[in-house]
Amino acid sequence: MATKARRSFSQQNLEFRHSGELGEQLAEALRVPAHGGYVLTHRFHPYPGRFHPHLPRRLLKDHEGTDIRVFDPFMGGGTALVEAMLLGLPTEGNDLNPVASLVARERTQPRSSEQAERIKGEAGRIAAQVEALRREKNPPRVRQRNLERLAPHYQQHLLAELLQWLRLVNALPQIPARETLRAVFSSGVVKYSNRLSDSVGERDPPRYPKGAVTRFFVAKCDELLEAQVTLGRRLIAPAQVRLHQEDSLLLPSLGWGLFDIIITSPPYPGTYDYYEQHRLRMDWLELESESFQSGELGARRETRQRRWSHGMKDVMTSLYRVLRPGGSLFLVLGDWVEGDHGVDAATALRRIAKAVGWREGASASARRGTHSRKEQKAFSKKGKWEHLIEFRRP
Ligand SMILES: C[S@@+](CC[C@H](N)C(=O)[O-])C[C@H]1O[C@@H](n2cnc3c(N)ncnc32)[C@H](O)[C@@H]1O
């Protein structure tokens, strides 16, 4: 029996418009396919607001096998980077969120079978140790700096298992295995908490039996490593990937004209709050999060659009610097709600781009579904659109 693809409101293809030389191609890039796409390492770890892999692939596929340098300054989990790698293109990504660095590093990491087997072996050893500790009356105490903040979000038996896992992972002497298993740990932190998902708040405590955490981590680790081995086999050229963790309003370590193409989706004002969504992960992994807390662009906890516009102007100025003259910047942005009215993201973006000196090449927009009463009301006349605009660096 054929199964119906589950499509979120933000992925519905209700209507399209386009203009400019590349407009039709941009509209195709915005058309979310009904099935598949999240293959290889794209499947690893949840990441809210990510691209469908089809979008960067469509924008880049004519450059396959060239030495066009691709950059995503808001890489999130690194979707654009993985697609650039698969087309044999050198690529760099940046995100101020330390969890994005963790996820993107694993998603862009091709591995040999030998490396994968070594890391699987470490995961197996840790699983056996955690299982044995679970049966002990007095397991070793675990020092966790943020325990007070973490404990209220977990049931006791799940918390104990998570603490032991992370203690053993952190004690691994080899950096690649340790970092990969820390990323795998991050992928389960919300699942076993009282939170419903990354972007939705608290729920009734979930019912997981003892040992569930261990089984999950072993399975996730196998899945990731197999995807990384397959990624390695699919590459048509040796991977050239660099990741940065900077504020995209400044990009202090990146100089002039480094890239030929930028593909990115900056945060929309007041739509997500990546710091809040990833806080459990940052607390567990004791990641430095202050720069992200204060520097996050457009966070929901900061609802004023003016601040977003100022920040976005700085972003457009930095991107102007790092793109070579004649290069293309592809920006994806969706309409958002301010107060009780809908804001046309394309108009807001064009105003900022023009002030910085960008020229518009082409654009396409897709009408998407609305998912709340508030959105239905705000977009009742014009509809809610997602835009993909190509700006050129003169
Ligand atoms: C819409 S998401 C990008 C998702 C990405 N396209 C993907 O496929 O996973 C926007 C990203 O911007 C990052 N971000 C927010 N403020 C930032 C800043 N000032 N500098 C750099 N990154 C920032 C967030 O952490 C988030 O990962």
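Residues numbered from 1 in each chain as written. Predicted model: local features only at pLDDT ≥ 70, side-chain atom pairs only at ≥ 80, totals over all residues. Heavy atoms only, no water.

## Some words on the sheet that holds strand β5 (residues 259-264)
One key point about sheets: their strands pair by backbone hydrogen bonds, in either a parallel or an antiparallel sense.
Then, number 1: The eight strands are arranged β1-β9-β10-β6-β5-β2-β3-β4 in an open sheet whose pairing can be described as mixed. Of all the strands in the sheet, the pair left with one neighbour each is β1 (15-20) and β4 (241-244). Pairs of neighbouring strands in the sheet enclose a mean axial angle of 15°, with direction left out of account.
Then, number 2: Seen against the sheet, helix α3 (residues 79-86) touches β2 (70-72), β3 (91-94) and β4 and runs at an angle of roughly 175° to β3. (Pairing = 2+ DSSP bridges. Helix = DSSP H or I, 4+ residues; strand = E, 2+ residues; numbered from the N terminus. Axes fitted to C-alpha atoms, helices over the stretch in contact; angles between N-to-C directions. Contact = heavy atoms within 4.5 Å.)

## Overview of the site of the ligand
Then, number 1: Inspection of the region around the ligand gives 24 residues, with Tyr 47, Thr 79, Asp 95, Asp 247 and Leu 297 positioned closest.
Then, number 2: Contact between the ligand and Gly 77: an oxygen atom at 3.0 Å from a main-chain N or O atom of the residue.
Then, number 3: Contact distances for the ligand include 3.3 Å between a nitrogen atom and a backbone N or O atom of Leu 96.
Then, number 4: A class-by-class count of the residues in the shell around the ligand yields 10 nonpolar, nine polar and five charged. (Near = heavy atom within 4 Å. Polar contact = N/O pair within 3.5 Å; in protein donor to acceptor, adjacent residues only side chain to side chain. Nonpolar A, V, L, I, M, F, W, Y, C, P; charged D, E, K, R; others polar.)

## Some points on the packing of helix α8 (residues 175-188) against helix α9 (residues 212-234)
Then, number 1: Where α8 meets α9, the closest approach of the two axes is 10 Å, and the angle between their N-to-C directions is 120°. Judged by the angle between their axes, α8 and α9 are oblique. Relative to α9, the crossing made by α8 is right-handed. Contacts between α8 and α9 involve Thr 180, Leu 181, Val 184, Phe 185, Ser 187 and Gly 188 on the former and, on the latter, Phe 216, Phe 217, Lys 220, Cys 221 and Leu 224.
Then, number 2: Across the contact of α8 with α9, the residue classes break down as seven nonpolar, three polar and one charged. (Parallel < 35°, antiparallel > 145°, perpendicular 65-115°, else oblique. Left-handed = near helix turned anticlockwise from the far one by under 90°.)

## A closer look at the domain arrangement of the chain
Interfaces are frequently sized by the accessible area removed from exposure as the parts join.
Then, number 1: Domains assigned within the chain are domain 1 (9-96 + 237-392) and domain 2 (113-233).
Then, number 2: Distance from the C-alpha centre of domain 1 to the C-alpha centre of domain 2: 30 Å.
Then, number 3: With 20 residues of domain 1 at the interface, the matching set in domain 2 holds 28 residues.
Then, number 4: Contact between domain 1 and domain 2 buries roughly 2,300 Å² in total, counting both sides, with carbon and sulfur atoms accounting for 64%.
Then, number 5: Looking at the side of domain 1 facing domain 2, the largest losses of area belong to Phe 44, Leu 280 and Trp 284, adding up to 35% of the total buried there.
Then, number 6: At the boundary of domain 1 with domain 2, the tally comes to one salt bridge.
Then, number 7: Salt-bridge contacts for Asp 283 lead to Arg 149; the nearest nitrogen and oxygen are separated by 2.8 Å.
Then, number 8: With six residues, the top contributor of residues to the side of domain 1 that touches domain 2 is helix α11 (residues 279-285). (Domains from an automatic or database assignment. Buried area = accessible area lost by both parts, 1.4 Å probe. Salt bridge = Lys/Arg side-chain N within 4 Å of Asp/Glu carboxyl O.)

## Here we look at α8
For an α-helix, the turn length of 3.6 residues means that residues three or four places apart are oriented alike.
Then, number 1: Compared with the 20 Å implied by 1.5 Å per residue over 14 residues, the 20 Å span of α8 between its first and last C-alpha is a close match.
Then, number 2: Looking only at α8, the buried set comprises Ala 177, Thr 180, Leu 181, Arg 182, Ala 183, Val 184, Phe 185, Ser 186, Ser 187 and Gly 188.
Then, number 3: Residues of α8 that are buried sit in contact with α4 (98-107), α5 (113-135), α7 (156-170), α9 and α11. (Expected span 1.5 Å × (residues − 1). Buried < 20%, exposed > 50% of the residue type's maximum accessible area, 1.4 Å probe, protein only.)

## Structural notes on the side chain of His 45
Then, number 1: Looking at the element boundaries, His 45 is found in the loop between α1 (23-30) and α2 (54-60).
Then, number 2: Take His 45: its relative accessible area is 5%, and that puts it in the buried class.

## Some remarks on the pattern of salt bridges
Then, number 1: Here the structure, examined in full by the defined rule, presents 20 salt bridges.
Then, number 2: Here Glu 131 and Arg 135 are joined by a salt bridge, their closest N and O atoms 3.7 Å apart. Within this pair, Glu 131 and its partner Arg 135 are both found in helix α5, separated by four residues, close to a single helical turn.
Then, number 3: A relative accessible area of 21% places Glu 131 in the partly exposed class.
Then, number 4: One network of salt bridges, with partners in common, ties together Arg 105, Glu 106, Arg 111 and Glu 179.

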